[in-house]
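Observations on the three-dimensional arrangement
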2 protein chains.
Amino acid sequence: MEGPSGVREALADERGLVELFATPDAAERHPDLVAGARRVHLVTEDVMGALADTVSPQGLVGVAEVRDVPLGTVLATRPRLVVVLAHARDPGNAGTILRTADAAGADAVVFPDGSVDPYNPKCVRASAGSVFHVPFVEGGSVAETVAALRSSGVRVLATTAAGETSLDDADLAGPTAWLFGNEAWGLPGDDLALADQRVRVPLYGRAESLNLATAAAVCLYASARGQREAGGCRT
Amino acid sequence: MEGPSGVREALADERGLVELFATPDAAERHPDLVAGARRVHLVTEDVMGALADTVSPQGLVGVAEVRDVPLGTVLATRPRLVVVLAHARDPGNAGTILRTADAAGADAVVFPDGSVDPYNPKCVRASAGSVFHVPFVEGGSVAETVAALRSSGVRVLATTAAGETSLDDADLAGPTAWLFGNEAWGLPGDDLALADQRVRVPLYGRAESLNLATAAAVCLYASARGQREAGGCRT
């Protein structure tokens, strides 16, 4: 974690901040962060520059523990909203989607084999702390992931511009997993065929598509709303 | 416009592609684009490198005409969905929001004074052609923009984490303008006070906020859906 807000997020997590590297100036500016870390190393600006991935970490780099969980652990919690991020390449995008999944109340995000590394520093940063909030799964094929979700009673919806169902018409009341694809080429036919339904985000203007993080936000918030409305009907 | 897809978007626009700079290789690969431009200049790789803003424009840079319109022109069309992007700083974000506004069927995007420049190459690129599809307005204060919208019968909703109304409860049936703020600090109190209502995107998990482009996508698609549902009820 780089910079004060990232370090603060790690500190708020129960697994805590394992180590904190700080320049003397930064340590003076952030006594609360220094007090919370298990081990603190004061370092020069040069060392900080060599440690940090960002150009300007504001004198703070923290080491935190965050660990992916097995898919079985997620399924045992009877999840109602899951994101499967297949073939994603841009770690910034992936982190943004992790943050959006958290905001929309998702129970887990799965990064199958061949997708971006959730531990990539750009993904961690773009998640704005959500890497600590939402359980994430790393590895497994898309086919295995979809099969496991389905056998746990989770409906799998794949997003594609050519989907047979418009998002507005999709039944989003029950446990749902969203399968999203690559930023440029989406989901291959094999993956699309695995899903229970292929859903398109409606395009009302002349844009040919949405970017991945935008499409994911629209779908996940539609699910959050659909599940809450359905919950209201059942009471 | 840089690269083949940007040049193709410009060519599809009625105002057309004014000039095309191409390396001999690129000209050979894209005869359709060369044929469509009013004037073509064959240039060396070195000249291409100096012309282009991107590292890899794939041998093509086009000059296209795209021009902002006065707010009055937009209002004369009786718009039903308008985006006001106040105090935005990141041109990539602004271009993504322009693309999302297009996809959601918005009638215009306003960039008031102090917001990002819609002609910024990063904004144009991130818009993925939507800069040609959606009329945009440049300049004017936020206060003037809001007043003009309201006097044309458009309800102005400001987005803020502390909004008194949840997006799920907002009345989105009528003509609506969404007022979005800065990526980091949102909208200042003065701007929030100008709006008819302050709306928050609900956060169901532990994320503290959404990023600007994500929040905009969720709000604009909620409007698109709300207006279509209301339209259905009236028939």
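Numbers given for residues are sequential positions, taken from 1 along each chain in its written order. Lettering of chains starts at A and numbering of ligands starts at 1, both following the order in which they are written. With the structure being a predicted model, the display of local features is reserved for residues of pLDDT at least 70 and the display and counting of side-chain atom pairs for 80 or more, all residues being used for whole-chain, interface and lining totals. No hydrogens and no water enter the side-chain calculation; it runs on all heavy atoms of the structure.

1. Some words on unusual backbone geometry
One non-glycine residue, Ala 128 of chain A, lies in positive phi territory at about 50 degrees. Each helix is a run of H or I in the DSSP string that is no shorter than four residues. Each strand is a run of E no shorter than two, and both are numbered from the N terminus. Within the secondary structure, Ala 128 of chain A is located in the loop between α7 (121-126) and α8 (130-133). Among the residues examined, Ala 128 of chain A registers a relative accessible area of 38% and is labelled partly exposed. A positive phi angle, near 55 degrees, is found at Arg 78 of chain B, a position not held by glycine. Under the relative-accessibility criterion, Arg 78 of chain B is labelled exposed at 72%. Three labels apply to residues, based on accessible area from a 1.4 Å probe with only protein chains included: buried if under 20% of the type maximum, exposed if over 50%, partly exposed otherwise in between.

2. Re the packing of aromatic side chains
Each Phe, Tyr or Trp ring, with Trp reduced to its six-membered ring, pairs with another whose centre is within 6.5 Å; inter-plane angles below 30 degrees give stacked pairs, above 60 give edge-to-face pairs, and intermediate values give tilted ones. Using the criterion set out here, one finds 8 aromatic pairs over all chains in the structure. Look at Phe 111 of chain A and Phe 136 of chain A: their rings are 6.3 Å apart centre to centre, the planes differ by 85 degrees, and that puts the pair in the edge-to-face class. On the criterion of sequence distance, the pair formed by Phe 111 of chain A in strand β5 (residues 108-111) and Phe 136 of chain A in strand β6 (residues 136-138) is long-range, its members being 25 residues apart. Residue class for Phe 111 of chain A comes out buried when judged on its relative accessible area of 1%. Every member of this aromatic cluster is reached through a ring pair, and the members are Phe 111, Tyr 119 and Phe 136 of chain A. The side chain of Arg 228 of chain A reaches across the aromatic face of Tyr 204 of chain B, ending 3.6 Å from its centre. Cation placement over rings: the criterion is NZ of Lys or CZ of Arg within 6 Å of the ring centroid and within 35° of the ring normal.

3. Notes on the relation of the copies chain A and chain B
Least squares is the method for superposing the copies, and the C-alpha atoms it fits come from residues with pLDDT of at least 70 in both. Between the two copies, chain A and chain B, the superposition gives an RMSD of 0.0 Å; the rotation angle is 180 degrees and the shift along the axis is 0.0 Å. Such a combination of rotation and displacement between the chain copies is what one expects of a two-fold axis. Contact definition: two residues touch when any of their heavy atoms are within 4.5 Å. Most of the interface of chain A is mirrored in chain B, where 100% of its interface residues again form contacts.

4. Topic: the sheet that holds strand β7 (residues 155-159) of chain B
Residue and element names in this part refer to chain B. Pairing between strands requires that DSSP locate at least two bridges from one strand to the other. The strand order across the open sheet built from 7 strands is β6-β5-β4-β9-β7-β10-β8, with neighbouring strands paired in parallel fashion. Edge strands, defined here as strands with exactly one partner in the open sheet, are β6 (136-138) and β8 (165-166). Two elements, strand β5 (residues 108-111) and β6, share 3 bridges in a ladder whose sense is parallel. Bridge pairing in β6 links Val 110 to Val 137.

5. Comments concerning the domain arrangement of chain A
Residues and elements named next belong to chain A. According to the domain assignment, chain A consists of domain 1 (4-64) and domain 2 (71-234). These domain boundaries are the output of an automatic or database domain assignment. A straight line from the C-alpha centre of domain 1 to that of domain 2 covers 32 Å. Of the residues lining the interface, 7 residues belong to domain 1; the matching set on domain 2 comes to 6 residues. For any pair of parts, buried area is found by adding up, for both, the accessible area (1.4 Å probe) each one loses once the two are put together. A combined buried area of about 510 Å² lies between domain 1 and domain 2, and 58% of that area is made up of carbon and sulfur atoms. By definition here, a salt bridge exists when the distance from a side-chain nitrogen of Lys or Arg to a carboxyl oxygen of Asp or Glu is within 4 Å. Linking domain 1 with domain 2 are 1 salt bridge. In this structure, Arg 125 and Asp 53 form a salt bridge, with 3.5 Å as the shortest nitrogen-oxygen distance. Identification of polar contacts relies on pairs of N or O atoms within 3.5 Å, with a donor-acceptor requirement for protein atoms, meaning one able to donate a hydrogen and the other able to accept it, and with residues adjacent in sequence counted only if both atoms are side-chain atoms. Linking domain 1 with domain 2 are 2 residue pairs in polar contact (both at pLDDT 80 or more). Class assignment for the residues of the side of domain 1 that touches domain 2 results in 2 nonpolar, 1 polar and 4 charged. Ten residue types, Ala, Val, Leu, Ile, Met, Phe, Trp, Tyr, Cys and Pro, are classed as nonpolar, four, Asp, Glu, Lys and Arg, as charged, and the remainder, Gly among them, as polar.

6. What about the interface of chain A and chain B?
In this assembly, 31 residues from chain A lie in contact with 31 residues from chain B. Across the chain A to chain B interface the summed buried area is about 2,600 Å²; carbon plus sulfur atoms make up 55%. In this structure, the connection of chain A to chain B is made through 0 salt bridges. Run the count over chain A and chain B and you get 18 residue pairs in polar contact (both at pLDDT 80 or more). Those elements giving two or more residues to the side of chain A that touches chain B turn out to be α6 (91-103), α8 and α11 (212-234) of chain A. Here the side of chain A that touches chain B takes 8 residues from α11 of chain A, the largest share from any one element. The class makeup of the residues in the side of chain A that touches chain B is 13 nonpolar, 9 polar and 9 charged.

7. Overview of the side chain of Thr 214 of chain B
For Thr 214 of chain B, the location among the structural elements is in helix α10 (residues 212-234). Classification of Thr 214 of chain B as buried rests on a relative accessible area of 3%. Residues within four places of Thr 214 of chain B in sequence aside, it is in contact with Thr 96, Thr 100 and Ala 217 of chain A.

8. Topic: the nonpolar core
The criterion is simple. A nonpolar core is a set of buried Ala, Val, Leu, Ile, Met, Phe, Trp, Tyr and Cys residues joined through side-chain atoms within 4.5 Å. Ranked by size, the top nonpolar core spans 104 residues in total, and within it Trp 178 and Phe 180 of chain A together with Trp 178 and Phe 180 of chain B carry the most contacts. Discounting residues that sit within four places of it in the chain, Phe 180 of chain B has contacts with Val 83, Val 84, Leu 85, Ala 86, Thr 159, Leu 187, Leu 212, Ala 216, Cys 219 and Leu 220 of chain B.

9. What to know about the state of the cysteines
When two cysteine sulfur atoms lie within 2.5 Å, the pair is treated as a disulfide. Taken as a whole, this structure holds 0 disulfides over all chains when the rule is applied. With no disulfide of its own, Cys 123 of chain A lies 19 Å from the sulfur of Cys 219 of chain A, the closest cysteine sulfur. Classification of Cys 123 of chain A as buried rests on a relative accessible area of 0%. We note that Cys 219 of chain A lacks a disulfide partner, and the nearest cysteine sulfur, in Cys 219 of chain B, lies 16 Å from it.

10. Some details on the pairing of β5 of chain B
Residues and elements named next belong to chain B. Side chains Ala 108 and Val 110 project from β5 onto one buried face, and the interleaved Val 109 and Phe 111 project onto a second face that is buried too. Where strand β4 (residues 81-85) and β5 come together, 3 bridges link them in parallel fashion. Residue pairing in the sheet places Val 83 in a bridge with Val 109 of β5. Handedness of the crossover is the feature at issue here: the chain leaves β4, passes through helix α6 (residues 91-103), returns alongside β5, and the resulting connection is right-handed. The path from the first strand over the helix to the second decides the hand: if it runs clockwise while the strands point away from the viewer, the crossover is right-handed. In terms of handedness, the path from β5 via helix α7 (residues 121-126) over to β6 forms a crossover that is right-handed.

11. Focus: helix α9 (residues 142-151) of chain A
Residue and element names in this part refer to chain A. Considered for burial, the residues of α9 that qualify are Val 142, Thr 145, Val 146 and Leu 149. End-on, the buried residues of α9 take up no more than an arc of 95 degrees, which puts them together on one face. Opposite the buried face of α9, by more than 90 degrees, sit the exposed residues Glu 144 and Ser 151. Those residues of α9 that are buried are in contact with α5 (71-76), β4 (81-85), β5, β7 (155-159), β9 (176-180) and α10 (189-194). The reported arc concerns the directions from the helix axis to the C-beta atoms and nothing else.

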